[in-house]
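If you want the building blocks of each chain, they are given just below.
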Amino acid sequence: MKRDTRLIALGRAPVRAEGPVNVPVHRASTILSEHLDGYIHRFDGDNRYDNVTYGATGTQNSRALAETVAAVEGGYRTVVTGSGLSAVTMAISAVVGAGDHVLVPDSVYGPTRRFCVEVLRRYGVEASFYHPSAGAGIAELIRENTRLVYTEAPGSLTFEMQDIPAIAQAARARGVLVAMDNTWATPIHFRPLEHGVDISIQAGTKYLAGHSDLVIGMITTATDALFRTIADQVHAFGDVASPDDCFLTLRGMRSLSVRLERQSASAMKIARWLEARPEVKRVLYPPLESDPGHVVWKRDFEGASSLFGLTLHTTDEAAVARMVNGLALFRIGSSWGGYESLVAFNRMPIPRTVIPWTETPFLLRIHIGLEHPDDLIADLDAGLARLGA
């Protein structure tokens, strides 16, 4: 079954069954048992992972969503969590313990960095940061107590690519797990488990849900053992996504492929236009041939999402404020992956350990939505004109 068809067909009742097209929302805390024996043994063995036993461990909606995500990821099974960040923190904390060491790319998502530096340290886990271009060289950084190599491609804000297959091969040779935050590409454009990664993480908040109205996370594993380990951790911490959010995310996934196709095409058109503008210093977007990570992106990825970075020649923050404040179609806001275009402003330097980022005093992050690209270009054109006003 092709991936586009899986997005439509999976996580639903059998085609010939009578009833609604979508799995109804099952709001529940208590799940009733028909017999006392079934109640007593409701968490025994595989029941805790396969059956709907209590609202805090998932409902029919989270099960349907997990089934669909796992199939699209090409993974064994998926655990659904309450947010993208909780998917990150649950995945990491489930596989490390006191005395362990974790390797993290210097370009990692800021909240992930804070978790590794501040929270893991309190539990006796050491995190150290590596250059995102390490590739097979990650082997030189692996210690006897290294339990996990964490990856994210492209990197948050600055969009550095990573050679995921090379990292995975080097880690596997030493018996070290590899996890990847794959939110930018989604399973449509890159499937980490097919490239040697053990744990694939998605902030379903972004493209999967697609409408900027919920937060949710997913962790997909390559093996049954990892699935059980992470599911137990998530349940132990009481991390749960509401059935309404699961319902909306699964509904969003039905149109994921066509949304990404449109948004990716628009983003490439706009990124190329921006690259040619004299006001622009650099567009940080791996699909562009000028991007340092283009070769790796082209080799491994099947496509791109619609999020990229933008640096300008000006160092006048007031001028940038004039540009951004006057935009009509680009709203100012964090997150991304929805149907609307966004712009976010980030002052430099951002936290780094290995490679300080001091290229410009600020960076704009652009998300391209489903508006017509010509209208977005006109909006940006007027904005760039305001830089010198």
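Quick caveat: nothing in here was measured; it's all calculated off a predicted structure.

1. Quick notes on the pairing of strand β2 (residues 101-105)
- β2 sits mainly inside the fold: five of its five residues count as buried.
- Both faces of β2 are covered, namely the face carrying His101, Leu103 and Pro105 and the face carrying Val102 and Val104.
- One ladder, built from five bridges, connects β2 with strand β3 (residues 126-130); its direction is parallel. Note on β3: the bridge partner recorded for Leu103 is Ser128.
- As a crossover connection, the stretch from β2 through helix α6 (residues 110-122) into β3 is right-handed.
- When β2 meets strand β4 (residues 146-152), the two strands line up parallel, connected through three bridges. When the bridges of β4 are listed, Val102 appears paired with Leu148.

2. Side note on the environment of Met180
- Assignment of secondary structure puts Met180 in strand β5 (residues 177-181).
- Separated by 27 residues in the primary sequence, Met180 and Ala153 have C-alpha atoms spaced 7.9 Å apart.
- Once residues lying within four places of it in the same chain are set aside, the contact partners of Met180 are Thr151, Ala153, Ile164, Phe190, Pro192, Val197, Ile199, Ser200, Ile201 and Phe301.

3. A short note on the nonpolar core
- Residues Trp184 and Phe308 are the most contacted members of the largest nonpolar core, which totals 79 residues.
- When residues in this core are grouped by element, the largest group, six residues, is from helix α11 (residues 256-275).
- Formed by 30 residues, the second largest nonpolar core is a distinct cluster that contains Val95, Val96, Phe115 and Ile201.

4. Concerning the sheet that holds strand β7 (residues 217-221)
- On the basis of which strands lie adjacent, the open sheet formed by seven strands has the order β1-β7-β6-β5-β4-β2-β3 and mixed pairing. At either margin of the open sheet sits one strand with a lone partner, and together these are β1 (77-81) and β3. The average angle at which neighbouring strand axes cross in this sheet is 20°, direction not considered.
- Taken together, the five bridges between β1 and β7 define a ladder with antiparallel strand orientation. Within β7, the residue paired with Thr78 across the bridge is Thr220.
- Sheet strands in contact with helix α4 (residues 60-73) are β1, β6 (199-203) and β7, and its direction is about 130° off that of β1.
- Strand contacts of helix α9 (residues 224-236): β1, β5, β6 and β7, with the helix running at about 15° to β1, the strand carrying the most contacts.

5. Some points on the pairing of β4
- With six of seven residues buried, β4 lies mostly within the body of the structure.
- Pairing between β4 and β5: five bridges, direction parallel. Residue Leu148 lies in a different strand from β5, and its bridge partner there is Leu177.
- In this fold, β4 hands off to helix α7 (residues 164-173), which returns the chain to β5; that crossover is right-handed.

Calculation criteria
- Residues numbered from 1 in each chain as written.
- Predicted model: local features only at pLDDT ≥ 70, side-chain atom pairs only at ≥ 80, totals over all residues.
- Heavy atoms only, no water.
- Buried < 20%, exposed > 50% of the residue type's maximum accessible area, 1.4 Å probe, protein only.
- Helix = DSSP H or I, 4+ residues; strand = E, 2+ residues; numbered from the N terminus.
- Pairing = 2+ DSSP bridges.
- Right-handed = clockwise from strand over helix to strand, strands pointing away.
- Contact = heavy atoms within 4.5 Å.
- Core = buried A, V, L, I, M, F, W, Y, C linked by side-chain atoms within 4.5 Å.
- Axes fitted to C-alpha atoms, helices over the stretch in contact; angles between N-to-C directions.

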